[in-house]
Amino acid sequence: MRSNTRLSWGSYALFFLLFSFQSTIYAQVKNSQVKGVVQGNDNDPIEGVSVIIRNTKTNFSTGTSTNSAGEFSFSNIPVGGSYSFTFSTVGFETQTLSGYNIKEDITLSLMVKMKATAASLDQVVVVGYGTQKRKDLTGAVGSVAGKDIKDLAVARVDQALLGKAAGVQVKPSTGEPGAA
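Residues numbered from 1 in each chain as written. Predicted model: local features only at pLDDT ≥ 70, side-chain atom pairs only at ≥ 80, totals over all residues. Heavy atoms only, no water.

Q: I'd like a description of the overall build of the chain, backed by residues and values.
A: Helix and strand counts for the chain stand at 3 helices and 9 strands. Order of helices (α) and strands (β) in the chain, N terminus to C terminus: α-β-β-β-β-β-β-β-β-β-α-α. Burial statistics for the chain: of 180 residues in total, 17% are counted as buried. Once local pairs closer than 6 in sequence are excluded, the contacts in the chain between residues at least 24 apart make up 48%. Taken as a whole, the chain presents about 13,700 Å² of accessible surface, with 53% of it coming from carbon and sulfur. (Helix = DSSP H or I, 4+ residues; strand = E, 2+ residues; numbered from the N terminus. Buried < 20%, exposed > 50% of the residue type's maximum accessible area, 1.4 Å probe, protein only. Contact = heavy atoms within 4.5 Å. Areas by Shrake-Rupley, 256 points an atom, 1.4 Å probe, with all protein chains shown as cover.)

Take a look at the structure:
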């Protein structure tokens, strides 16, 4: 017995019409890319910088952060004008670049230099499941300065802290799952 699975010419025409309509919709969307590098005053890349892109005319907004090489990228950015870029991270002044017009099928490249802030941060102490400022904490507080452990030849932080703060017990772990 032979089944009748042939499609009519009308079905082919409908399929072709829908396929060509769908491809024209995708062809009309025009997007571009933005890539860049964020560096400090000493030309070293800065990792973890928050990068926000905004278009004030269309209310388009998205964000990302820089990788270990200080690089960031945005893809599929709608074409148009009046884009601004805001760069922020701890220890550096927030910087905003504005007035960019993204054009069709281009890659906008940015090189950003962040300025270190002169203000120092308050010392914060981690307390169990919260934080408190050091001046508000009652009880004994011990400190280990970075200069005290920076030249030690150790593989882990717990090894560097052994014997550095009075009354603190440091129990090195093996790194195995389920170990203490």
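Q: Outline the packing of aromatic side chains, supporting the account with residue identities and numerical values.
A: Applying the stated rule across the entire model yields 4 aromatic pairs. Considering the side-chain rings of Phe60 and Tyr83, the 6.3 Å spacing of their centres and the 80 degrees angle between planes classify their relative orientation as edge-to-face. With Phe60 in strand 3 (residues 60–65) and Tyr83 in strand 5 (residues 80–88), this residue pair connects regions lying 23 residues apart in the sequence. Looking at Phe60, the relative accessible area reads 23%, which means it is partly exposed. (Phe/Tyr/Trp six-rings, centres within 6.5 Å; stacked < 30°, edge-to-face > 60°.)

Q: Describe in detail the nonpolar core, supporting the description with residues and values.
A: For soluble globular proteins, nonpolar side chains are generally found buried alongside one another. Membership of the largest hydrophobic core comes to 18 residues, with the highest contact counts inside it found for Val34, Val38, Phe72, Phe87 and Leu110. Taken together, the elements giving at least two residues each to this core come down to strand 1 (31–39), strand 2 (50–55), strand 4 (71–78), strand 5, strand 6 (95–102) and strand 7 (107–113). In contact with Phe87, other than residues within four places in its own chain, are Val38, Val49, Ser50, Val51, Phe72, Glu93, Thr94, Gln95, Leu97, Leu110, Val112 and Met114. (Core = buried A, V, L, I, M, F, W, Y, C linked by side-chain atoms within 4.5 Å.)

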